[in-house]
Amino acid sequence: MPPVGPGTLATFAVAALTSLFMAWAIGAGSSGSTPFAPAVGANAISVMRAGFVVGILGFFGAVLQGANVTQAVGTQLISGVTITATAAIVGLLTAGALVAVGVFAGYPIATAFTVTGAVVGVGLALGGDPAWAKYREIATLWLLTPFVGGGAAYLTARLLRSESVSERVVVPLFGGLVGALLAHVQFAALAPAGRSRSVAATTATATSLPRVVGVDLALVATTLLFALVASTLLALDIRSDPEAGQRHFLLVLGGLVAFSAGGSQVGLAIGPLVPLLDLVQLPLPALLFGGGIGLLVGSWTGAPRMIKALAQDYSSLGPRRSIAALIPSFAIAQAAVALGVPVSFNEIIVSAIVGSGYAAGGGSGGVSRTKMLYTVLAWVGSLVVALGVGYGAFSAVRALFG
């Protein structure tokens with residue numbers, strides 16, 4: 001390969017710095033503050049320790065799970081053209097500026113909606129065609145998230161609050177469910193380059209157990225083993241001290257959600273750089289590492305303040321409703337990672353909190369209907385405004401500089 005020219009390196013450096021700012025903002029925002037806020041509110045962990053742990057777990061999530069969403073944002077949101085270095089810079093600057101405006105002005109700007117809109121906008125201005133198949137996949141997940149996440153949180157909270165079912169039974173059952181989901185979490189380290197695979201799938205591939213009526217027995221056995229181990233450990237913890245057991249479960253769920261946030265959110269920051277990797281001869285794992293560092297620094301420097309503020313809100317939820325909110329959040333985030341779909345972490349968490357709130361008889365979970373409507377409109381507005389600004393900004397740049 002010919003050596004990389006200084007102009008190319010300088011252009012990539014500008015794009016990379018913009019991407020690093022986006023990663024910092026994501027780490028300091030919802031993906032860094034939300035996962036452990038319930039545990040802090042329940043006094044299961046201190047604010048500073050939560051910020052430290054969420055940064056580490058977010059970093060590992062980015063490195064081990066971030067490839068799918070990163071490649072989707074970089075190569076699958078537009079057809080017919082490849083995002084250029086200039087387009088990547090304009091898209092990242094557009095998204096970063098809108099996120100910064102939202103942070104300082106107090107508007108709930110959703111990073112996933114903003115980045116997706118900005119990348120599509122610059123791609124269309126570049127002469128690309130809409131990737132309708134990918135848009136349908138993204139829209140389906142975005143539209144289903146409030147209903148699936150909120151509905152699952154509602155059912156979970158109802159079971160946890162039911163007087164007819166003992167906590168000593170129902171909480172370990174949910175622990176078993178989380179264990180079964182964990183068996184199917186995909187990791188890049190378990191598959192060839194460019195792909196990912198779960199522990200259950202890896203076990204099924206490595207063993208020679210037969211298939212019965214189309215069912216892979218090794219896959220089922222691994223899933224059941226994970227569920228049994230998780231359920232048993234939590235049952236022993238709950239039997240010893242129910243309140244401490246719930247706090248420990250919250251810590252585990254917070255860790256899983258933080259890991260999932262890293263895997264699902266890092267692509268929003270570094271995805272636009274993917275088309276540039278061949279120009280600078282940089283492998284994708286190195287890009288994921290850099291994005292993970294951005295998330296980690298954001299979590300360490302900005303998340304503790306947000307965690308402290310959110311923990312006050314979560315303390316009114318209590319451990320049961322927090323558990324009910326975090327279980328579907330973990331599942332939906334992992335679904336987004338597996339599908340390679342950029343997803344808003346705010347949308348996931350808010351939907352789950354509202355669902356658990358209805359189960360507690362608290363209406364919409366302490367969130368007014370007016371505020372919910374305002375938040376949804378802000379999400380949609382983030383997408384539309386980012387698309388328009390991205391398209392206009394890149395068209396202006398191209399008109400001025402060719």
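Below is a summary of the structure that appears in this document. Note that the coordinates shown come from a computational prediction; the quantities given were computed from them, not determined experimentally. (Residues numbered from 1 in each chain as written. Predicted model: local features only at pLDDT ≥ 70, side-chain atom pairs only at ≥ 80, totals over all residues. Heavy atoms only, no water.)

## Describing the overall build of the chain
Phase 1 of the analysis: Looking only at helices and strands, the chain has 18 helices and six strands in total.
Phase 2 of the analysis: Against the 2.2 N^0.38 benchmark of 21 Å for 402 residues, the chain shows a C-alpha radius of gyration of 21 Å, consistent with a compact globule.
Phase 3 of the analysis: Principal-axis analysis of the C-alpha atoms places the extent of the chain at approximately 70 × 55 × 35 Å.
Phase 4 of the analysis: Taking all 402 residues of the chain together, 50% fall into the buried category.
Phase 5 of the analysis: Taking all contacts inside the chain whose residues are at least 6 apart in sequence as the whole, residues at least 24 apart take part in 82%.
Phase 6 of the analysis: Summed over its atoms, the accessible surface of the chain is roughly 17,600 Å², and 69% of this surface lies on carbon and sulfur atoms.
Phase 7 of the analysis: Positive and negative charge centroids in the chain, built from 18 and 11 side chains respectively, lie 3 Å apart. (Helix = DSSP H or I, 4+ residues; strand = E, 2+ residues; numbered from the N terminus. Rg over C-alpha atoms; globule rule 2.2 N^0.38 Å. Buried < 20%, exposed > 50% of the residue type's maximum accessible area, 1.4 Å probe, protein only. Contact = heavy atoms within 4.5 Å. Areas by Shrake-Rupley, 256 points an atom, 1.4 Å probe, with all protein chains shown as cover. Lys, Arg positive; Asp, Glu negative; His and termini not counted. Charge placed at Lys NZ, Arg CZ, Asp CG, Glu CD.)

## Some details on the pattern of salt bridges
Phase 1 of the analysis: One pass over the full model with this rule turns up two salt bridges.
Phase 2 of the analysis: Between Arg-320 and Glu-167 there is a salt bridge, with the nearest N and O atoms lying 2.5 Å from each other. With Arg-320 in helix H16 (residues 318-339) and Glu-167 in helix H9 (residues 167-183), the pair connects residues that are 153 residues apart, well separated along the chain.
Phase 3 of the analysis: Overall, the relative accessible area of 34% leaves Arg-320 in the partly exposed class. (Salt bridge = Lys/Arg side-chain N within 4 Å of Asp/Glu carboxyl O.)

## Things to note about the side chain of Thr-111
Phase 1 of the analysis: Relative to the helices and strands, Thr-111 resides in helix H7 (residues 111-125).
Phase 2 of the analysis: Classification of Thr-111 as buried rests on a relative accessible area of 16%.
Phase 3 of the analysis: The residues contacting Thr-111, other than those within four sequence positions of it, are Met-22, Ile-26, Val-99 and Leu-268.

## Details of the packing of aromatic side chains
Phase 1 of the analysis: In this structure the tally under the stated criterion is eight aromatic pairs.
Phase 2 of the analysis: An angle of 10 degrees between the planes, with centres 5.2 Å apart, marks the rings of Phe-52 and Trp-300 as stacked. One end of the pair, Phe-52, is in helix H4 (residues 47-65); the other, Trp-300, is in helix H14 (residues 284-301), with 248 residues separating them in the sequence.
Phase 3 of the analysis: For Trp-300, a relative accessible area of 37% puts it in the partly exposed group.
Phase 4 of the analysis: Summarising the aromatic geometry, the rings of Phe-59 and Phe-60 are spaced 5.4 Å apart at their centres and angled 70 degrees between planes, so their arrangement reads as edge-to-face.
Phase 5 of the analysis: Look at Phe-60 and you get partly exposed, because its relative accessible area is 41%.
Phase 6 of the analysis: Clustering of aromatic rings is evident, with ring pairs tying together Phe-59, Phe-60 and Phe-289. (Phe/Tyr/Trp six-rings, centres within 6.5 Å; stacked < 30°, edge-to-face > 60°.)

## Notes on H14
Think of an α-helix as turning once every 3.6 residues; residues three or four places apart then point the same way.
Phase 1 of the analysis: Here H14 contains 18 residues, and its C-alpha end-to-end distance of 26 Å stays within 8% of the 26 Å for a straight helix at 1.5 Å per residue.
Phase 2 of the analysis: Every buried residue of H14 is accounted for by Leu-284, Leu-287, Leu-288, Gly-291, Gly-292, Gly-294, Leu-295, Leu-296, Gly-298 and Ser-299. (Expected span 1.5 Å × (residues − 1).)

## Section: the packing of H4 against helix H12 (residues 242-270)
Phase 1 of the analysis: Where H4 meets H12, the closest approach of the two axes is 7 Å, and the angle between their N-to-C directions is 45 degrees. As the angle between them shows, H4 and H12 are arranged oblique. Read as a crossing pair, H4 and H12 show a hand that is right-handed. Facing Val-54, Leu-57, Gly-58, Phe-60, Gly-61, Ala-62, Leu-64 and Gln-65 of H4, the residues of H12 in contact are Gly-255, Ala-258, Phe-259, Ser-260, Gly-262, Gly-263 and Val-266.
Phase 2 of the analysis: Residues belonging to the contact of H4 with H12 are distributed by class as follows: eight nonpolar, seven polar and no charged. (Axes fitted to C-alpha atoms, helices over the stretch in contact; angles between N-to-C directions. Parallel < 35°, antiparallel > 145°, perpendicular 65-115°, else oblique. Left-handed = near helix turned anticlockwise from the far one by under 90°. Nonpolar A, V, L, I, M, F, W, Y, C, P; charged D, E, K, R; others polar.)

## Re the packing of H9 against H12
Phase 1 of the analysis: It is at 12 Å that the axes of H9 and H12 come closest, and there the two elements cross at 20 degrees. One finds that H9 runs roughly parallel with respect to H12. Crossing of H9 over H12 shows left-handed handedness. Only Pro-242, Gln-246, Phe-249, Leu-253 and Leu-256 of H12 make contact with H9, whose side of the interface consists of Glu-167, Arg-168, Val-171, Phe-174, Gly-175, Val-178 and Leu-182.
Phase 2 of the analysis: Classifying every residue of the contact of H9 with H12 gives eight nonpolar, two polar and two charged.

## What about unusual backbone geometry?
Phase 1 of the analysis: In this model, Gln-281 sits at a positive phi of 55 degrees, which is unusual for a non-glycine residue.
Phase 2 of the analysis: Under the relative-accessibility criterion, Gln-281 is labelled partly exposed at 40%.

## Side note on the environment of Val-380
Phase 1 of the analysis: Within the secondary structure, Val-380 is located in helix H18 (residues 369-401).
Phase 2 of the analysis: The spatial distance from the C-alpha of Val-380 to the C-alpha of Thr-114 is 9.2 Å, given a sequence separation of 266 residues.

## A short note on the environment of Ile-327
Phase 1 of the analysis: When you line up the elements, Ile-327 lands in helix H16.
Phase 2 of the analysis: For Ile-327 and Thr-156, which are 171 residues apart along the polypeptide, the C-alpha to C-alpha distance reads 8.5 Å.

## Some details on a nonpolar patch on the surface
Phase 1 of the analysis: On the surface, a cluster of nonpolar side chains totalling about 420 Å² of accessible area is made up of Phe-21, Trp-24, Phe-289, Ile-293 and Val-297.
Phase 2 of the analysis: Looking at the nonpolar patch, the elements that each hand over two or more residues are helix H1 (6-28) and H14.
Phase 3 of the analysis: Top contributing element to the nonpolar patch by residue count: H14, with three residues.
Phase 4 of the analysis: Take Trp-24: it is sitting in helix H1.
Phase 5 of the analysis: Judged by relative accessible area, Trp-24 falls into the partly exposed class, the value being 36%. (Patch = residues over 30% accessible without salt bridge, like charges linked within 9 Å, V, L, I, M, F, W, Y side chains within 5 Å.)

## Things to note about the side chain of Thr-70
Phase 1 of the analysis: Inspection of the secondary structure assignment puts Thr-70 in helix H5 (residues 67-75).
Phase 2 of the analysis: Within the local environment of Thr-70, its side chain forms a polar contact with the backbone oxygen of Gly-66, the two atoms lying 2.6 Å apart.
Phase 3 of the analysis: For Thr-70, the contacting residues outside a window of four places in its chain are Val-266, Gly-267, Ile-270, Gly-271, Val-274, Leu-284 and Leu-288. (Polar contact = N/O pair within 3.5 Å; in protein donor to acceptor, adjacent residues only side chain to side chain.)

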